[in-house]
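Listed below, chain by chain, are the residues.
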Amino acid sequence: MATAATETEEIPEIQTEEHKLPPHPSAPQQKFRKDYAPPPYTISAVHLDFKLGEDTTLVTSRLHLQPNYGSLPEGTSRPALQLDGRKDIVLVSVAVGGQQLGQDQYLLTEKALTIANLPEGEFELEVVTQLRPQDNSLLEGLYKSSGNFCTQCEAEGFRGITYFLDRPDVMATYTTRMEADEAAYPVLLGNGNLKESGKLEGGRHYAVWEDPYPKPCYLFALVAGKLAMKERAFTTRSGRQVALRIFVQEGNLGKVDHALDSLVRSMRWDEDTFGLEYDLDLFNIVAVDDFNMGAMENKSLNIFNSRLVLASPQTATDLDYSRIEGVVGHEYFHNWTGNRVTCRDWFQLTLKEGLTVFRDQEFTADMNSRPVKRIEDVMMLRSSQFTEDAGPMSHPIRPESYIKMDNFYTVTVYEKGAEVVRLYDTLLGKEGFRKGMDLYFQRHDGHAVTCDDFLAAMADANGVNLDTLGRWYSQSGTPHLHVSSSYDAPSRTYRLTCKQHTPPGPGQDSKLPVLIPIKLGLLGPDGGLGSDMPLRLQGADGSVTDLGSTGVLRFETTEATFTFLDVPSEPVPSLLRGFSAPVKMEVEGQSEAQLLFLLAHDSDPFNRWEAGQRLSRKLLLQLYAAATAGGGAHNAQAVADRCTAAGGVPDAVVEAFRAVLEDETLDGSFKAMAVCLPTGNELLDSLPGGDPPLLHQVRMFVVRQLAARLRPQLEALVKANDDEPGEPYHFTAAACARRAIKNRCLAMLSSLEEPEITAMLLRRVKEATNMTDEIAALGCLVELAGPERDTALAAFYDKYRSEPLVLLKWLGLQATSNAPGNVSLVKGLVEHPAFNITNPNNCYSLFLGFGRSPVNFHAADGSGYEFMGDAVLRVDSINHQVAARMVSCFTTWRQYDSERQAMMRAQLERIVAANGLSENVFEIASKSLK
Ligand code: TRP
Ligand code: ZN
């Protein structure tokens, strides 16, 4: 029993604890996965009351707590309750069991409120805090955007609202009451169902929302504002009537149909594919302009960045339409994978994100073209995730430690995480995967679980051992797969020998082999048709899944040989079909002739594209070597001369691309991607000490050569795919495919820099009837120096002055442009009235856009680095998450030549040394330097 005496003894003890761990930003604390322990108390019910005001907002939180510490050994006192908080919130009062606590009865620091001597058993805790949402530029917790109140709590934003156990394994039911001025904030939204609403004195009104499903606090949300709404009815397959509502600013109501349609398709798809139905009568989406990320899956109240909701043919491109469909799906799918079954701790983030990305990828593949979607995703994975995984920020999809969780919403956790989920699907097949999902929900609905629980459900449901797949969760880095082959004509056998190794990374010196499913086919000569041969594997003992002529080898050791029987003649192997594992594959002795054969004949569309990429990659690396040899000038002409002297673009490559362009059976989107060269990021990976502007020149040389030699085909495709006059815009796979190939051809032609082509592009910008075509033509012009560029940009600005989402494109095109000497223009844009530094989308378009330019960000005089360094520090004083994303532009510094390394490093050192730096930026910058 606690006595008055032990009460006074307890508090100094906590203080010493706090002194050992000073919450000072100059010594940020790391959190480790191995330190996970359940909380000493749990919260079963939360009652929140918000008095929303212009000056201050008052939040009263009433919590129902239970002990979770089990039985205590004799003589030990009950553990203290440490609630998370943030330094900008003001604590007004604390009461335990109805008794107000005095200031000597709790300990308050910048980051926590600690209360000792709590009663035995269950108890009520009331915490009152005061906030100033209008000053919250972090956009975490409660803040204002375009005059409306909204929230963002993932990952740890709820502690910016009230003191709380801000961790996902604390799951409670929530009741939210909010009151505000009725004229200024007519719409009041919360999680779950509306229970009550009404008028109050002084022009105020209130609403009470109740969410019956227990959830972690990161899924809490509230919106209060002046918003217009569009509604659609949906009936689930078991007959539940659901109202789907999208809320936007008044003038944008005409731009929500595509998002609503996407939501309906997502809901139907999840029922059809996984048997998963929506579980409430209401599903709301709110669009806000100021948002750090894409969108957020708060229970029944998704909040979206407005660029992922609003679309019209005149303001959004095909890419925007497709992203909206994918993200609306993604957030909706979280209702089961993330909300009903959530994460035990933030180290498990990929449990919900990897799985939900996989689900949205499958959804998009089913709605549009499966091979096109797969190629797009792999392009992204290779150019962003492989780069991340080869650098100082490399981490496993389930990280071991972090300083700020926000920094681990990465392409590794999301996209590589989705690839790991795809491994189960490839190994178990669609039916096996579905069985695993069913068991996962059966076991874990309503709980906060781990990646191991997911793996166990997949393994148990299918009665298989997946232990080597588990290593994908703990090892960082991209595995290297090496394949060699030999054919023995007398015995008609064909052998594939596979080897794997994963390079060391931060904190991981040696790695174990991982389970790599190798999906493959063997192409026979077949009179030049290259049909798949039937596969017969020697000793087929479960290590191969028989899918007719496409098999899946289960490769999980350092080295293994697979022998195929009854192979009538030496085949051309088509390996890693559909990119069946996120690895870098080298095929020993793979000749140009074999790649040309695969590009022309592979039955797997992904591997047709891949063969073209491999050809281009070899060529670009050869030409880059020639361009660097012997020093020499880096201007376009000098680089072109050296590339030409080295043989230029071989006829065979030009002919292969010509065949692709002329192939009537191929889809336009596929063609557009097939003639697209690998990105600079992808190539720099194999070019230690690489020079990004030089590589850009080499790429442009190849593009120009192809454009010059394929000009008739390119012009014919433009003509064949142009709209008929008056043709309306449709977002269908077929219409997108036509625009994709047409605009790719125009981009290639524009590289020729001929006056008639430039004039034609200017005309196309003026006459375009949809944003896809308009921005494509403008994008070509922005790469060229000359009066057309300025004319087109000025006219575009005038036309779209009042369309903030379109102005993001205008900013982004200029920032990313490789027109030489563009740094000064970009500096000018920061001062332009169209640019708002407190808005994340503006910063992403301008600063991250600039960071993508190989020529200007990497300008030899260091001016691009200096500009970015200044911008990081300026933005960090406003929004830490945005600044952390910007500082990531410097993370790859070790990839470049020594002069650039020194300049980038100097910027990182300057940033790390800056006063008042956020933990977010500190973590990325300091780890980049290690
Ligand atoms: N869970 C969100 C998603 O669907 C990610 C997210 C939205 C987020 N806003 C955030 C993550 C802010 C961190 C901080 O992927
Ligand atoms: Zn997500």
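Residues numbered from 1 in each chain as written. Chains lettered and ligands numbered in written order. Predicted model: local features only at pLDDT ≥ 70, side-chain atom pairs only at ≥ 80, totals over all residues. Heavy atoms only, no water.

Focus on the overall build of the chain
Cut-off, in case you're wondering: A run of DSSP states H or I qualifies as a helix once it reaches four residues; a run of E qualifies as a strand once it reaches two. Both are numbered from the N-terminal end. Radius of gyration here is computed from C-alpha atoms only, and the compact-globule reference equals 2.2 Å multiplied by the residue count raised to the power 0.38. Here the term buried applies to any residue with accessible area under 20% of the maximum for its type, exposed to any over 50%, and partly exposed to those in between, with areas from a 1.4 Å probe on protein chains only. Reported accessibility uses the Shrake-Rupley method at a 1.4 Å probe radius. Residues are deemed covered only where the shown protein chains occlude them.
When its secondary structure is counted, the chain shows 27 helices and 32 strands. Relative to its length of 930 residues, the chain is compact, with a C-alpha radius of gyration of 29 Å against a globular reference of 30 Å. Sorting the 930 residues of the chain into buried and exposed places 58% on the buried side. Element-wise, carbon and sulfur atoms account for 52% of the exposed surface of the chain, whose accessible area totals about 35,800 Å².

Observations concerning the site of ligand 1
Formally: We define proximity as follows: a residue is near a molecule or strand when any one of its heavy atoms falls within 4 Å of that partner. What qualifies as a polar contact is a pair of N or O atoms within 3.5 Å, subject to a donor-acceptor requirement within protein and to the restriction that residues adjacent in sequence count only when both atoms come from side chains. By the convention adopted, Pro, Cys, Tyr, Trp, Phe, Met, Ile, Leu, Val and Ala count as nonpolar, Lys, Arg, Asp and Glu as charged, and the other residues, Gly among them, as polar.
E154, A295, E297, E331 and Y414 are the nearest of the 14 residues found near ligand 1. The contact in question runs from a nitrogen atom of ligand 1 to an N or O atom on the side chain of E297, over 2.7 Å. In this structure, Y414 approaches ligand 1 through a side-chain N or O atom, which is 2.5 Å from an oxygen atom. Coverage of ligand 1 by the protein amounts to 97% of the 370 Å² it exposes when considered alone. Taken together, the elements giving at least two residues each to the shell around ligand 1 come down to β20 (295–296), α3 (318–333) and α4 (349–367). Along the lines of polarity and charge, the residues of the shell around ligand 1 split into five nonpolar, four polar and five charged.

Some details on the side chain of E353
In plain terms, the rule: Any two residues having at least one pair of non-hydrogen atoms within 4.5 Å are treated as being in contact.
Residue position: E353 is located in helix α4. Here H330 takes part through its side chain, which lies 3.2 Å from a polar atom of the side chain of E353. Not counting residues up to four positions away in its chain, the partners in contact with E353 are E154, E297, H330, H334, V413 and Y414.

Let's talk about the sheet that holds strand β17 (residues 228–235)
Operational definition: Strand pairing follows a simple DSSP-based rule, namely that at least 2 bridges must link the two strands. For every element, the axis is a line fit to its C-alpha atoms; helices are fit only across the contacting stretch, and the angle between N-to-C directions ranges from 0 to 180 degrees.
Sheet architecture is open: five strands sit in the order β17-β18-β19-β21-β20, paired in mixed fashion. Each edge of the sheet is formed by a strand with only one pairing partner; in this case those strands are β17 and β20. Summarising the sheet, strand β18 (residues 241–248) and strand β19 (residues 282–288) pair through five bridges and their orientation is parallel. Pairing of L244 across the sheet is with F283, part of β19. On top of the sheet, helix α2 (residues 257–274) reaches β17, β18 and β19; it is set at about 25° to β17, its chief contact. Along the sheet face, α3 touches β19, β20 and β21 (301–305) and points at about 150° away from the line of β21.

A look at the coordination of the zinc ion (ligand 2)
Definition in use: Only nitrogen, oxygen and sulfur atoms count as donors, using a 2.8 Å cut-off from the metal that widens to 3.2 Å for Na, K and Ca. Water is left out, so coordination shells may look unfilled. Every angle between 85 and 135 degrees makes a four-donor site tetrahedral, while opposite donors more than 155 degrees apart, with all other angles between 65 and 115, make a four-donor site square planar and a six-donor site octahedral; other sites are irregular.
Within the first shell, the zinc ion (ligand 2) binds the protein through H330 (NE2), H334 (NE2), E353 (OE) and E353 (OE), at distances of 1.9 to 2.7 Å. Considering all six donor atoms around the zinc ion (ligand 2), angles at the metal cover 47 to 160° and the coordination shape is irregular. All donor residues of the zinc ion (ligand 2) come from one chain, and their arrangement in sequence is H-x3-H-x18-E. Remark: E353 occurs in helix α4 and H330 occurs in helix α3; sequence separation between them is 23 residues. Residue H330 is classed as buried on the basis of its relative accessible area, which comes to 7%.

Some remarks on the sheet that holds strand β25 (residues 480–488)
Taken together, the four strands give an open sheet; going across it, the order is β30-β26-β25-β32, and neighbouring strands pair in mixed fashion. Strands with a single pairing partner mark the edges of an open sheet, and in this sheet they are β30 (559–564) and β32 (584–587). Between one strand axis and the next, the sheet turns by 20° as a mean value, whatever way the strands run. Sheet topology places strand β26 (residues 493–501) next to β30; six bridges connect them, and they run antiparallel. Bridge pairing links Y494 to F564 in β30.

A word on unusual backbone geometry
The linkage connecting E154 with the following residue, A155, adopts the cis geometry, with an omega of -5°. Within the secondary structure, A155 sits in the loop between β11 (148–152) and β12 (172–181). Despite not being glycine, S300 shows a phi value in the positive range, around 60°. Here S300 shows up in the loop between β20 and β21.

Focus: the UniProt feature "domain: Peptidase M1 alanyl aminopeptidase C-terminal" (unreviewed entry) in the chain
Where we set the bar: UniProt positions are given in the numbering used here, feature names are shortened, and annotations may be inferred rather than shown by experiment.
Mapped onto this numbering, the UniProt entry annotates "domain: Peptidase M1 alanyl aminopeptidase C-terminal" (unreviewed entry) at residues 593–930. Taken end to end, residues 593–930 is 69% helix and 0% strand, and its first and last C-alpha atoms sit 44 Å apart.

Things to note about helix α6 (residues 411–444)
An α-helical turn contains 3.6 residues, so a residue and the one three or four places further along point in the same direction. As a reminder of what qualifies: In this scheme, a helix's expected span is set at 1.5 Å multiplied by one less than its residue total. One axis is fitted to the seven residues ending at the residue and one to the seven starting there. The bend at that residue is the angle between these axes.
Between its terminal C-alpha atoms α6 stretches only 26 Å, short of the 50 Å expected from 34 residues at 1.5 Å a residue. Of all the bends in α6, the greatest, near 115°, is centred on G429. Just downstream of α6, G446 is the residue with a positive phi angle, here 85°.

Some words on the nonpolar core
Stated formally: Residues enter a nonpolar core if they are buried and are Ala, Val, Leu, Ile, Met, Phe, Trp, Tyr or Cys, with the set joined through side-chain atoms within 4.5 Å.
Of all hydrophobic cores here, the largest spans 286 residues; its most connected members are L125, F564 and F847. It is α6 that contributes the most residues to this core, 14 residues altogether. Ignoring any residue separated from it by four or fewer positions in sequence, one finds L125 in contact with S61, R62, L63, L65, L81, L83, V94, A95, V96 and I115.

Quick look at the state of the cysteines
Each disulfide consists of one covalent bond between the sulfur atoms belonging to two cysteines. Defined as follows: Disulfide assignment relies on a single distance test, namely cysteine sulfur atoms paired within 2.5 Å.
For the structure on display, the rule yields zero disulfides. C217 supplies the cysteine sulfur nearest to C153, a cysteine that is in no disulfide, at a spacing of 6.8 Å. Relative accessible area serves as the criterion here: at 0%, C153 is assigned to the buried category.

Examining the domain arrangement of the chain
Stated formally: What counts as a domain boundary in this text is fixed by an automatic or database domain assignment. Put simply, a salt bridge is a Lys or Arg side-chain nitrogen that is within 4 Å of an Asp or Glu carboxyl oxygen.
What the domain assignment reports for the chain is domain 1 (1–36 + 354–590), domain 2 (44–63 + 75–333) and domain 3 (801–930). Taken together, the contact between domain 1 and domain 2 spans 35 residues of the former and 38 residues of the latter. For D270, the salt bridge is made with R359, and the minimal N-O distance between the two is 2.8 Å. Those elements giving two or more residues to the side of domain 1 that touches domain 2 turn out to be α1 (4–20), α4 and α6. Examining the composition of the side of domain 1 that touches domain 2, we find that nine residues originate from one element, α4, more than from any other. Class assignment of the residues belonging to the side of domain 1 that touches domain 2 gives a composition of 17 nonpolar, seven polar and 11 charged.

A look at the environment of L553
Mapping L553 onto the fold places it in strand β29 (residues 550–555). C-alpha of L553 to C-alpha of L520: the two residues are 33 residues apart in sequence and 7.7 Å apart in space.

Description of the packing of α2 against α3
Here is the rule: Roughly parallel means an angle under 35 degrees; roughly antiparallel means over 145; roughly perpendicular covers 65 to 115; every other angle is labelled oblique. Left-handed describes a crossing whose near helix is turned anticlockwise from the far helix by less than a right angle; the clockwise case is right-handed.
Two numbers describe how α2 lies on α3: the axes approach to 9 Å, and their chain directions differ by 45°. As far as their axial angle goes, α3 and α2 are oblique. By crossing handedness, the relation of α2 to α3 is classed as right-handed. Contacts from H258, A259, S262, L263, R265, S266, M267, W269 and D270 in α2 reach Y321, I324, E325, V328, G329, Y332 and F333 in α3.

Quick notes on the UniProt feature "domain: Aminopeptidase N-like N-terminal" (unreviewed entry) in the chain
The residues that UniProt annotates with the feature "domain: Aminopeptidase N-like N-terminal" (unreviewed entry) are residues 118–219. The span residues 118–219 shows a helical share of 0% and a strand share of 51%, and its end C-alpha atoms are spaced 28 Å apart.

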